[in-house]
Amino acid sequence: QERRRRVAPLAAAPPGRAGDEPLLRGIFEIGKRSCDVVLSARRLRWSPILPESPTGDSSVALQAQEEIIEMKDVFSVKLKRRRFAGQKKGGTLLGITIFKCLNKEENKLTDCAIHLNNLSEDHCQSWFRHLKEILNGFQNRPKSLKVFVNPSSHKREATNIYYEKVAPLFKLADIKTDVTVTEYEGHALSVLKECELQAFDGVVCVGGDGSVSEVAHGLLLRAQIDAGQDTEYVSKPVRAPVPLGVIPAGTTNILAHTLYGIKHAVTATLHIVMGHIQAVDVCTFSTPSKLLRFGFSAMCGFGARALALAEKHRWMPSSQRKEFAFIKTLADLKPEECELSFLPLQIPQEDTHEKDRKKKERTKKGSKDQWQKIQGHFLNVSIMAIPCLCSMAPRGLAPNTRLNNGSMALIVVQNTSRTEFIKHLKRYTSAKNQFNFPFIETYTVQEVKVQPRLRSGPDAKENVCLDAEGSYPWNIDGDLMKGASEVHVRVHPQLIDLYGVNTDDLESSQVTCNCI
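Thresholds, definitions, all that
- Residues numbered from 1 in each chain as written.
- Predicted model: local features only at pLDDT ≥ 70, side-chain atom pairs only at ≥ 80, totals over all residues.
- Heavy atoms only, no water.
- Helix = DSSP H or I, 4+ residues; strand = E, 2+ residues; numbered from the N terminus.
- Buried < 20%, exposed > 50% of the residue type's maximum accessible area, 1.4 Å probe, protein only.
- Core = buried A, V, L, I, M, F, W, Y, C linked by side-chain atoms within 4.5 Å.
- Contact = heavy atoms within 4.5 Å.
- 1 Å grid on protein atoms, 1.4 Å probe; cavity = no way out; pocket = protein on both sides within 12 Å on 5 of 7 lines; lining within 4 Å.
- Points joined across faces, edges and corners; volume = space filled by probe spheres on them.
- Nonpolar A, V, L, I, M, F, W, Y, C, P; charged D, E, K, R; others polar.
- Expected span 1.5 Å × (residues − 1).
- Arc of directions from axis to C-beta.

Identification of the protein chain as CERKL protein from Urocynchramus pylzowi is taken from an unreviewed UniProt entry.

Spelled out as structure tokens, the structure:
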């Protein structure tokens, strides 16, 4: 038996699909049973070696169930050694450990270890080299990451989340990291403007929605600088140079929920490690002459004023601060007079004539007649390029939009009673349609212009849209921005790659492979 374990013959290549041809075949002990193990570029499979029946009964052989690991689910392989206390190098070789990503229930991912035991140094080294070569062939998997950790997020948990849950998985996957623990608002933006981004395969943010918004804005701003674009006013922005990873460590974690379907740091980390990339639409928020911000979603009105009030009470614990601001803003609920201009999403129809098709495209891009305008008193206006899922809105704040369909959801809540407005807010937590009210209008748009109708003279005190400093608050991805009187919002398709998967494609599946 010992002699058989040391033999690692190359198997003949039987006919089959590309990637299924065996690269190695050998004997390992897995779960205290000797197994026949076969490695191909696509998968690793094994089955127990069973003794022959003395009676020649073939039913015994049928009990040898084959187990399979898809190599695309493997993210690390290590040589397994026994070491004494304090010993950091060397040690007695025991075999190989393979680490794979498991899909659990409710979109949750976890890691799993499979131990292939064999005492032969040559045997294990050969298998180790082949396994590493296969893993190195997955192109989207990062080797080096720039990491930003916001220690002030939520209950100041971000630092512990990173060093206890995230960093060990990065180390296991042989990913090099350069970590910046942010010290003030705008710190990540300053670092991104100066750092050597070409040295990294991606950028990771550990924090809440505001932190992620700052890093995403910094990445895209850096892309414009590197491309020689004017950053004062950006009409056609260039894509971010590297993907962005989001590790949820905040209160609502809307972007993380939208990407992963769950707030779970290990799940987010494994999506980054596995190189799962999703292209996502991004909005620009501008005045008529200046870029204010890159972002994914925004609110003005109730959602912005509640955030502005919460920011004034930073001395309070996070959950209490936001609950107080929500109740206080709801108690002082007032509409804001505003003018909205928007360009509805145009879906070009098929046309066999090239001239007609080009004419339609020109009309789509340039016709002023297609702009629509509404004016009135609104309690809240939401502009969202992503569905914005969170625990309080499992269907999303904008369930009819997608991550990368090149459009925004414009949701207008007109003036109504406080009772009816509360009914609308409660619908977000249920399966009912939160927009099925006569005072709510929804549009699918490409561009939006928001202009408050400010009063002057003796009536100026009735400008409820202005804060105490006389500026107009916006809630952009959970980050407070005090904007100008007119803001122009445009959606730019697939402007940034995010580590994660589209929540439309998430599946809750139980993996049957045993981890031994």
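Next comes the rest of the description.
(A) Representation of the environment of Ser152 within the structure. Among the structural elements, Ser152 can be located in the loop between strand E8 (144-149) and helix H3 (158-172). In this structure Ser152 comes out as partly exposed when scored by relative accessible area, which is 41%. Here the alpha-carbon distance between Ser152 and Gly208, two residues 56 residues apart in the chain, equals 9.3 Å.

(B) Region of interest: the nonpolar core. Judged by nonpolar contacts, the single largest core of 84 residues is most densely connected at Phe170 and Leu244. Here this core takes eight residues from H3, the largest share from any one element. Not counting residues up to four positions away in its chain, the partners in contact with Leu244 are Val203, Cys205, Val212, Val215, Ala216, Leu219, Ile496, Asp497, Leu498 and Tyr499.

(C) Region of the structure containing the side chain of Thr182. Structurally, the position occupied by Thr182 is in the loop between strand E9 (176-181) and helix H4 (187-194). Beyond its immediate stretch of four places on either side in the chain, Thr182 contacts Phe148, Val149, Asn150, Pro151, His187 and Ala188.

(D) Quick look at empty space enclosed by the protein. In total, this model carries one cavity of 30 Å³ or more according to the counting rule given. Every residue along the wall of the largest cavity is listed here: Cys300, Gly301, Glu336, Cys338, Phe378, Leu379, Asn380, Val381 and Tyr472. For the lining of the largest cavity, the secondary structure elements donating two or more residues are strand E14 (297-301), strand E15 (336-344) and strand E16 (372-384). A per-element tally of the lining of the largest cavity places E16 first, with four residues. Taken together, the residues of the lining of the largest cavity sort by class into six nonpolar, two polar and one charged.

(E) Main features of helix H9 (residues 318-331). When the terminal C-alpha atoms of H9 are compared, their 20 Å separation across 14 residues agrees well with the 20 Å that a helix rising 1.5 Å per residue should span. For H9, the full list of buried residues reads Ser318, Arg321, Ala325, Thr329 and Leu330. Projection of H9 onto a plane perpendicular to its axis shows the buried side chains occupying an angular sector of 155°, all on one side.

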